[in-house]
Amino acid sequence: MPELPEVEVVRAGLAPAVTGARVVSAQVMDPRALKRHLPTAGDDGLGGHGVTLTAAAGAARSADFERRVTGLTLAAPERRGKFLWVPTSGRSAAGEPLALLAHLGMSGQVLLRAHDAVDDRHVRIRLWIAHPDHGELRVDFADQRLFGSLALDALHPANDGPGVIPTQAAHIARDPLDQAFDDARFIAALRSRTSGVKKLLLDQTLISGVGNIYADEALWRARLHPETPGSAVGPRKAVELLALLRAVFAQALVEGGTSFDAQYVNVNGQAGYFAHSLNAYGRTGQPCPRCGTPIKRITFGGRGSHFCPRCQKRRT
DNA sequence: CAGGTACCCTGGCCGC
DNA sequence: TGCGGCCAGGGTACCT
């Protein structure tokens, strides 16, 4: 389940191999992995995310992507929350820089492979790249469940600080590892809402990069019940929660991310080992590492939440 | 703004 | 052994 630490591990792993490389050719094996790729003029007439492509529309979209990505030179990859993108030498019709945008969804993987390496499972899109120092490489986008996707998307100046942002991530808030993240603003927003604090942590328009695993872990560390209303989190507690969230992210980064069910791997196909450091997520019925009470699981907002019923009392 | 539900998808797991 | 059904999960759409 790629969240901020996993996507950052991928970004950092990709950087030396793709920065300065040129796309020699591209091959789309499954157009469903282009969900976020919106073709230019001569449109296939279909929308993006959530829309099932007909065979003809899928073929057209694949051809559009392959044609437009071939020949582009790649710059250093960037990230905001769970969105990852590689700026390119390409330009949109409006003259804006084009980026190769990736979202890993649930099970997406970006794999760097030697030119002649054997196929990994579930490879949906393949780029052949040539790097001045590293020679020819394959960048394989693999995704078992197809919630992730690649796309070509235009970059715009960010409207919330320095830097640029792809069109499709324009509504995504900065993440807590971003230098320009506004702590006071996030805390004020959190404390002004009546929704459960976990739901607010997962709201990518308030704070990005947090998914189910790290939300549960940060709340466990902060001793907050996931359904505690944002408005019931005191100012000191909110500051503490943000600090603990950053600490969880930092530790997960050092440990190479969380590989649950071997879904997540880095660009070399290796699993991270933060799963061994989880205190609440996925530990239903196992003792709380702090007090020994069995971890409880409830369904909340359509997703499982794991917490200690003794350490994490609900506040009202 | 809040809440609920549905959808996109696969594969693991359950019960029969 | 096999099959049908359920579930997980991020992001989004759309409804009340």
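What counts and what doesn't
- Residues numbered from 1 in each chain as written.
- Chains lettered and ligands numbered in written order.
- Predicted model: local features only at pLDDT ≥ 70, side-chain atom pairs only at ≥ 80, totals over all residues.
- Heavy atoms only, no water.
- Salt bridge = Lys/Arg side-chain N within 4 Å of Asp/Glu carboxyl O.
- Helix = DSSP H or I, 4+ residues; strand = E, 2+ residues; numbered from the N terminus.
- Expected span 1.5 Å × (residues − 1).
- Buried < 20%, exposed > 50% of the residue type's maximum accessible area, 1.4 Å probe, protein only.
- Arc of directions from axis to C-beta.
- Contact = heavy atoms within 4.5 Å.
- Pairing = 2+ DSSP bridges.
- Axes fitted to C-alpha atoms, helices over the stretch in contact; angles between N-to-C directions.
- Near = heavy atom within 4 Å.
- Polar contact = N/O pair within 3.5 Å; in protein donor to acceptor, adjacent residues only side chain to side chain.
- Core = buried A, V, L, I, M, F, W, Y, C linked by side-chain atoms within 4.5 Å.

### Overview of the pattern of salt bridges
Considering all chains together, one arrives at 18 salt bridges under this definition. Measuring nitrogen to oxygen at the nearest pair gives 3.5 Å for the salt bridge that ties D64 to R67. Separated by 3 residues within a single helix, D64 and R67 lie in helix 2 (residues 55-69), roughly one turn from each other.

### Observations concerning helix 2
Between its terminal C-alpha atoms helix 2 stretches 21 Å, which fits the 21 Å expected from 15 residues at 1.5 Å a residue. Within the span of helix 2, buried status applies to A57, G58, R61, S62, D64, F65, R68 and V69. Taken end-on, helix 2 shows its buried residues confined to a sector of 160°, consistent with a single buried face. Residues of helix 2 that are exposed and angled more than 90 degrees away from the buried face: A55, A56 and R67. In this fold, the buried residues of helix 2 make contact with strand 1 (22-28), strand 4 (97-103), strand 6 (123-131) and strand 8 (149-157).

### Overview of the sheet that holds strand 6
The strand order across the open sheet built from 4 strands is 1-6-7-5, with neighbouring strands paired in antiparallel fashion. Whereas interior strands pair on both sides, the edge strands pair on one side only; in this sheet they are strand 1 and strand 5 (108-114). Neighbour to neighbour, the strand axes of the sheet diverge by 20° on average, direction disregarded. Where strand 5 and strand 7 (residues 135-143) come together, 7 bridges link them in antiparallel fashion. Bridge pairing in strand 7 places Q109 opposite A142. Against the sheet, helix 2 touches strand 1 and strand 6, its axis set at about 170° to strand 1.

### Some thoughts on the sheet that holds strand 8
Spatially, the 5 strands line up as an open sheet ordered 2-3-4-8-9, and their pairing is antiparallel. Because the sheet does not close on itself, it has two edges, and the strands there are strand 2 (78-80) and strand 9 (164-166). Averaged over all neighbouring strand pairs, the angle between strand axes comes to 40°, with direction disregarded. Sheet topology places strand 4 next to strand 8; 6 bridges connect them, and they run antiparallel. Within the sheet, the bridge partner assigned to A102 lies in strand 8 and is L150. Helix-sheet contacts for helix 2 involve strand 4 and strand 8, and the interaxial angle to strand 8 is about 55°.

### Description of the protein's contact with DNA strand B
Close to DNA strand B lie 13 residues, the nearest being H122, Q144, R193, T194 and S195. One nitrogen or oxygen atom from the side chain of R32 is found 3.1 Å from a phosphate oxygen belonging to DNA strand B. Taking H122, its side chain carries an N or O atom lying 3.1 Å from a phosphate oxygen of DNA strand B.

### Some thoughts on the pairing of strand 6
Most of strand 6 sits inside the fold, with 7 of its 9 residues counted as buried. By the bridge criterion, 6 bridges tie strand 1 to strand 6 in an arrangement that is antiparallel. Its bridge partner lying in strand 6, S25 is registered against W128. Here strand 6 runs beside strand 7; their pairing, made up of 8 bridges, is antiparallel. Following the sheet pairing, I129 is matched in strand 7 by L137. Here strand 6 folds back onto strand 7, and the loop between the two strands holds 3 residues.

### A look at the nonpolar core
In this structure, F65, V69, I125, L127 and I129 are the most contacted members of the largest nonpolar core, which totals 32 residues. No other element matches helix 1 (residues 4-18), which puts 5 residues into this core. F65 has contacts with V28, L34, H37, L100, I125, L127, L150, A151 and L152, leaving out every residue within four places of it along the chain. Grouped together as the second largest cluster of nonpolar side chains are 30 residues, F186, L190, L206 and V233 included.

### Side note on unusual backbone geometry
Here the phi dihedral of L146 falls at roughly 60°; this positive angle occurs in a residue that is not glycine. Counting through the fold element by element, L146 comes out in the loop between strand 7 and strand 8. Despite not being glycine, R223 has its phi angle at roughly 60°, a positive value. One can find R223 in the loop between helix 5 (212-222) and helix 6 (235-254).

### A look at helix 6
Here helix 6 spans 29 Å end to end across 20 residues, near enough to the 28 Å set by a 1.5 Å rise per residue. Within helix 6, the full set of buried residues consists of K237, A238, L241, L242, L244, L245, V248, F249 and A252. Projected down its long axis, helix 6 shows its buried positions confined to an angular sector of 165°, all on one face. For helix 6, the exposed residues set more than 90 degrees away from the buried face come down to R236 and V254. Tucked into the core, helix 6 has its buried residues touching helix 1, helix 3 (183-191), helix 4 (197-201) and helix 5.

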